[in-house]
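Now for the letters of each chain:
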Amino acid sequence: MLAGPAWAQTSVTSSGREGPTACVGSAEIDAANMPITALSTSSVTVTVPEVTWSQVLAPLGDGQAPVNAVVYAEVINAQTGVRAGSLDLLGIISSTSPTYAGGSQALSGLAARSLYHVEIYASPAGRPVQYLARRCFMTGGSYTMAVNPASGQTSGCFSISPRTIQDVRNCLCGRGNNSPRVLGLFTDETQNQALRDSLGCR
């Protein structure tokens with residue numbers, strides 16, 4: 001009996017994913033107002049929305065207003081619940097300084113091929129924390145796939161390890177319409193783009 005051809009390996013690199021398909025355990029909040037403008041294997045940059053004093057007071061109801069509220073940004077590992085990197089203090093707002101203007105914020109301390117969510121929240125003095133915005137994402141990274149040399153085709157992102165559904169989606173984001181189609185997925189680029197969009201690929 002003749003032995004079959006040895007299977008080779010090839011790598012595909014994902015730029016990461018964002019949006020609801022990357023959420024684990026927490027849903028997005030006001031994500032449209034907090035776009036991700038840059039994503040690497042170790043950091044994320046978001047545009048933080050404006051936070052106003054009246055916005056913080058609105059859900060508190062009757063009673064004495066807090067003296068101030070501290071606005072924070074943090075990145076949470078969606079699978080472990082542990083904060084990644086440091087907690088960033090964005091500003092302090094009050095009746096006399098009623099607006100945090102928002103703006104670009106870079107947050108680091110991330111691991112490649114990992115699921116996170118970035119949160120913006122206000123902590124009014126003596127009152128519960130108020131979550132104002134949350135955006136889910138997965139960092140990019142490289143995956144190794146098996147290749148059948150007889151056909152020049154990969155056995156796909158379902159051959160990677162670890163092979164969680166989130167990793168498979170992330171791996172698929174790294175597959176383009178290349179020729180020869182070792183990394184290709186569809187011959188029709190419109191189909192490739194539709195798949196990337198549905199997965200939240202960067």
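Right, let's walk through the structure included here. All of these numbers come straight from a predicted model, not from anything done at the bench. Throughout this document, residue positions are counted from 1 along each chain, in the order its sequence is written. Per-residue local features are limited, in this predicted model, to residues with pLDDT of at least 70; the limit for side-chain atom pairs, both in listing and counting, is 80 or more; totals at the level of whole chains, interfaces and linings are taken over all residues. Each side-chain value is worked out from all heavy atoms of the structure, with water and hydrogens disregarded.

## A word on the overall build of the protein
Part 1 of the argument: The helix count covers DSSP runs of H or I at least four residues long, the strand count covers runs of E at least two residues long, and both are numbered beginning at the N terminus. On a plain count of helices and strands, the protein comes out with three helices and 13 strands.
Part 2 of the argument: Sequence-distant contacts in the protein: of pairs separated by 6 or more residues, those separated by 24 or more amount to 65%.
Part 3 of the argument: We get accessible surface area from the Shrake-Rupley algorithm with a probe of 1.4 Å; when it comes to residues, only the shown protein chains can shield them. For the protein, the exposed surface amounts to about 10000 Å²; the carbon and sulfur share of it is 52%. The criterion used for residue contact is that any of the two residues' heavy atoms lie within 4.5 Å.

## Side note on the nonpolar core
Part 1 of the argument: Among buried residues, those of type Ala, Val, Leu, Ile, Met, Phe, Trp, Tyr and Cys that are joined through side-chain atoms within 4.5 Å constitute a nonpolar core. The cut-offs for exposure are 20% and 50% of the maximum accessible area for each residue type, with area from a 1.4 Å probe on protein chains only; residues under the lower value are buried, those over the upper are exposed, and the others partly exposed. Counting 26 residues, the largest nonpolar core has V44, V75, I93, I120 and F137 as the members making the most contacts within it.
Part 2 of the argument: For this core, the secondary-structure elements that each account for two or more residues are strand 3 (36-39), strand 4 (43-48), helix 1 (53-57), strand 6 (69-77), strand 7 (83-93), strand 10 (115-124) and strand 11 (130-138).
Part 3 of the argument: If you look at the next biggest cluster of nonpolar residues, it comprises 17 residues, including A22, A78, M138 and C173.

## Topic: the environment of A111
Part 1 of the argument: With respect to the helices and strands, A111 occurs in the loop between strand 9 (103-108) and strand 10.
Part 2 of the argument: On the basis of relative accessible area, A111 is assigned to the partly exposed category, the value being 35%.
Part 3 of the argument: For A111 and T139, which are 28 residues apart along the polypeptide, the C-alpha to C-alpha distance reads 7.2 Å.
Part 4 of the argument: Apart from the residues within four sequence positions on either side, A111 is in contact with T41, Y116 and T139.

## Considerations on helix 3 (residues 189-199)
Part 1 of the argument: Turning to helix 3, its buried residues number three or more, namely N192, R196 and L199. Summarising the axial view, the buried residues of helix 3 lie within an arc of 70 degrees, below the 170-degree limit, and thus occupy one face. Turned more than 90 degrees away from the buried face of helix 3, the exposed residues are T190 and D197.
Part 2 of the argument: On its buried face, helix 3 is in contact with strand 2 (17-18) and helix 2 (165-173).
Part 3 of the argument: G200 occupies a position one or two residues after helix 3 and carries a positive phi of about 80 degrees. In this context, the arc is that of the directions from the helix axis out to the C-beta atoms.

## A short note on the sheet that holds strand 3
Part 1 of the argument: In short, DSSP must find at least two bridges between two strands for them to pair. Pairing in this open sheet of three strands is antiparallel, and the strands run 3-4-9 from one edge to the other. In the strand order of this sheet, the two ends are held by strand 3 and strand 9, each with one partner. The sheet shows a mean angle of 15 degrees between the axes of neighbouring strands, taken without regard to direction.
Part 2 of the argument: Here strand 4 runs beside strand 9; their pairing, made up of six bridges, is antiparallel. Along strand 9, the bridge assignment pairs T45 with A106. In this analysis an axis means a line fitted to C-alpha atoms, helices contributing only their contacting stretch, and an angle means the value between N-to-C directions, from 0 to 180 degrees.

## Concerning the pairing of strand 11
Part 1 of the argument: Within strand 11, eight of the nine residues are buried, which leaves the element mostly enclosed by the surrounding structure.
Part 2 of the argument: Pairing of strand 2 with strand 11 involves two bridges; the strand directions are antiparallel. Each bridged residue has a counterpart across the sheet, and for R17 the counterpart in strand 11 is M138.
Part 3 of the argument: Where strand 10 lies against strand 11, eight bridges are found, and the strand directions are antiparallel. Within the sheet, the bridge partner assigned to Y121 lies in strand 11 and is Y131.
Part 4 of the argument: The antiparallel hairpin formed by strand 10 and strand 11 contains five residues in its connecting segment, where G126 sits at a positive phi of about 75 degrees.

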